[in-house]
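Close look at the chain arrangement
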Amino acid sequence: VVFFHDGELDPIKDEVDGFPGFADWGIEVIKNAGFLLAHGAQFVYTAEDAYNPSTDSQHPGVVFPVPGPGMFSVMMQKLMFPYSR
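First, a word on scope: everything that follows refers to the structure included in this document. Given the structure is predicted, the values throughout are model-derived calculations rather than measurements.

Points about the overall build of the chain
For the chain, the helix and strand inventory stands at two helices and four strands. Ordered by position in the sequence, the α and β elements of the chain form the string β-α-β-β-β-α. By the burial criterion, 16% of the 85 residues in the chain qualify as buried. Surface exposure of the chain reaches about 6500 Å², of which carbon and sulfur atoms provide 61%.

Structure (structure tokens):
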């Protein structure tokens, strides 16, 4: 499972089975990746940062932390064998 968490997902249709890809970072992505990892898949991710700064033009001068790849990678690692890690 290669985990690159950077922005929105694009639901591109799979050329083999014709099914659309995932449209967002919802429970279906987490569930399916978790299933693969719990059954021995290898896990590759890009960064350890727990959050990324985000701004909103309606709130000038305020920086909001949004979940980063490190936060999601820790969650996925909890699903991997051995589970005691």
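Anyway, onward from the coordinates.
Focus on the side chain of Ser73
With respect to the helices and strands, Ser73 occurs in helix H2 (residues 69–77). If sequence neighbours within four positions are ignored, Ser73 has contacts with Phe43 and Tyr45.

Overview of the pattern of salt bridges
One pass over the structure, following the stated rule, counts one salt bridge. Of the charged contacts, one joins Glu28 and Lys31 as a salt bridge, the two residues approaching to 3.2 Å between their closest N and O atoms. One end of the pair is Glu28 and the other is Lys31, both in helix H1 (residues 27–38) and three residues apart, which spans about a single turn.

Some thoughts on H2
Regarding H2, the residues found buried are Pro69, Gly70, Phe72, Ser73 and Met76. Take H2 and look down its axis: the buried residues cluster within an arc of 160°, on one side only. Where H2 is buried, its residues contact strand S1 (2–3), H1, strand S2 (44–45), strand S3 (51–55) and strand S4 (63–67).

What to know about the environment of Phe72
Within the secondary structure, Phe72 sits in helix H2. Residues Phe72 and Phe3, 69 residues apart in the sequence, show an inter-C-alpha distance of 8.9 Å.

Considerations on the environment of Phe22
As for its position among the elements, Phe22 is in the loop between S1 and H1. Here Phe22 falls in the partly exposed class, since its relative accessible area comes to 40%. C-alpha of Phe22 to C-alpha of Asp10: the two residues are twelve residues apart in sequence and 7.0 Å apart in space.

Thoughts on the nonpolar core
Counting seven residues, the largest nonpolar core is built from Phe3, Ala33, Leu37, Phe43, Phe72, Met76 and Met80. Of all the elements in the fold, those that place two or more residues in this core are H1 and H2.

Thresholds, definitions, all that
Residues numbered from 1 in each chain as written. Predicted model: local features only at pLDDT ≥ 70, side-chain atom pairs only at ≥ 80, totals over all residues. Heavy atoms only, no water. Helix = DSSP H or I, 4+ residues; strand = E, 2+ residues; numbered from the N terminus. Buried < 20%, exposed > 50% of the residue type's maximum accessible area, 1.4 Å probe, protein only. Areas by Shrake-Rupley, 256 points an atom, 1.4 Å probe, with all protein chains shown as cover. Contact = heavy atoms within 4.5 Å. Salt bridge = Lys/Arg side-chain N within 4 Å of Asp/Glu carboxyl O. Arc of directions from axis to C-beta. Core = buried A, V, L, I, M, F, W, Y, C linked by side-chain atoms within 4.5 Å.

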